[in-house]
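Here are the chains, one letter per residue:
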Amino acid sequence: MVNKNNMKRIFIFFMIFVNVLYFSQKRFNGYFVNSSIGTLQKEYSNIKISTNNFQGIIGKEFLLSNHISLLGGISLENMYSNYVLQGSNYNLNSKYIGIPVWFRWYDSTENLSTLFVGLGIINRLTIKETIENLSLNTSTNGSNGYHMTSYAEIGFRTKLKENMDAIIGLNYGSDFIKSNTTKITNNANIFLAFEVFKNQNQ
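Residues numbered from 1 in each chain as written. Predicted model: local features only at pLDDT ≥ 70, side-chain atom pairs only at ≥ 80, totals over all residues. Heavy atoms only, no water.

### Observations concerning unusual backbone geometry
Despite not being glycine, Asn137 shows a phi value in the positive range, around 60°. The topology assignment puts Asn137 in the loop between strand S5 (113-133) and strand S6 (138-141). Asn137 gets classed as exposed once you look at its relative accessible area, which sits at 72%. Positive phi outside glycine occurs at Asn186, with the angle close to 50°. As for its placement among the helices and strands, Asn186 is situated in strand S10 (residues 182-196). Since its relative accessible area comes to 38%, Asn186 is described here as partly exposed. (Helix = DSSP H or I, 4+ residues; strand = E, 2+ residues; numbered from the N terminus. Buried < 20%, exposed > 50% of the residue type's maximum accessible area, 1.4 Å probe, protein only.)

### Considerations on the side chain of His147
The topology assignment puts His147 in strand S7 (residues 146-161). Polar side-chain contacts of His147 include one of 2.6 Å to the side chain of Asp175. Not counting residues within four places of it along the chain, the set of residues in contact with His147 comprises Tyr96, Ile122, Asn123, Arg124, Thr126, Asp175, Ile177, Lys178, Asn180, Thr182 and Ile184. (Polar contact = N/O pair within 3.5 Å; in protein donor to acceptor, adjacent residues only side chain to side chain. Contact = heavy atoms within 4.5 Å.)

### Notes on the confidence of the model for the protein
Per-chain confidence: the protein averages 87 in pLDDT, with 85% of residues scoring 70 or above. Taken element by element, the predicted model of the protein shows its lowest mean pLDDT in helix H1 (residues 4-23) (59) and its highest in strand S8 (residues 164-173) (97). (pLDDT = per-residue confidence, 0-100.)

### A word on the nonpolar core
Counting 12 residues, the largest nonpolar core is built from Phe28, Phe32, Ile57, Leu71, Trp102, Tyr106, Phe116, Ile122, Tyr151, Ile167, Phe191 and Ala193. With near-sequence residues (within four places) excluded, Phe28 lies in contact with Glu61, Phe62, Leu63, Tyr106, Ser108, Thr109, Thr114, Arg157 and Glu195. (Core = buried A, V, L, I, M, F, W, Y, C linked by side-chain atoms within 4.5 Å.)

### A look at the pattern of salt bridges
Using the criterion set out here, one finds eight salt bridges in the structure. The salt bridge partner of Arg157 is Glu61, with a shortest N-O separation of 2.9 Å. Highlighted residues: Arg157 in strand S7 and Glu61 in strand S2 (residues 47-63), separated in sequence by 96 residues. Measuring nitrogen to oxygen at the nearest pair gives 2.7 Å for the salt bridge that ties Asp165 to Arg157. Judged by its relative accessible area of 0%, Asp165 is buried. With relative accessibility at 0%, the residue Arg157 sits in the buried group. Within this structure, Arg27, Glu61, Arg157, Asp165 and Glu195 form a network of salt bridges that share partners. (Salt bridge = Lys/Arg side-chain N within 4 Å of Asp/Glu carboxyl O.)

### Here's the deal with the packing of aromatic side chains
Summed over all chains, the structure comprises six aromatic pairs. Taken together, Phe28, Tyr106 and Phe116 form an aromatic cluster joined through their ring pairs. We note Lys60 situated over the ring of Tyr31; from NZ or CZ to the ring centre the distance is 5.4 Å. Between Lys60 and the ring centre of Phe62, over which it is positioned, the NZ or CZ distance is 4.5 Å. (Phe/Tyr/Trp six-rings, centres within 6.5 Å; stacked < 30°, edge-to-face > 60°. Lys NZ or Arg CZ within 6 Å of the ring centre and 35° of its normal.)

### Focus: the pairing of strand S4 (residues 88-106)
As paired strands, strand S3 (residues 68-85) and S4 are joined by 16 bridges and run antiparallel to one another. When the sheet's bridge partners are listed, Leu71 is paired in S4 with Trp102. Linking two consecutive strands that pair antiparallel, namely S3 and S4, is a turn of two residues; a positive phi of about 50° is found at Gln86 within it. Between S4 and S5, which pair antiparallel and follow one another directly, the connecting turn spans six residues. (Pairing = 2+ DSSP bridges.)

### Section: the side chain of Glu195
Within the fold, Glu195 resides in strand S10. Reaching out from Glu195, the side chain makes a polar contact with the backbone nitrogen of Gly30 at a distance of 3.0 Å.

Listed below in structure tokens is the structure:
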């Protein structure tokens, strides 16, 4: 039996994708999808936990000058880890929604391929966090909260076809503002993105 919630998510994603293809603008002013994978540390008081991180972003780029653009979007993240504390095995699973905003400087916006660096912030809000004690077979909810995280990136962008670019790079960030006892630090990821725009030959 097909889950109605899953069908609704698929339909929403499809409509977003259709709008991305239809409403996109010229190169460096298009809509993009970005996926990243990496690691980070979550600090709870004096406890530091190494955590895996998966993130997806749907967003828009605005070219401000020949070399500088502004990017923003909506992100969904999943962080998980297995760790041992005081002889017990734990599983940590955290889900976040975020609004990343950053500036990107390109070596060139005229060439088919270009290098870039970027700086900005990610505003994260906890959707849900669960901590499972696998040894005792119990589960508790973690603390919800807001995180403002620094963001820095370096990467390479190249044209795939007349209306699509591929982007690959590395990014890094750490919290500098938080509203609870949890702190996200040393967040390092590799990312892959695709940006679509109108065919400039049309």
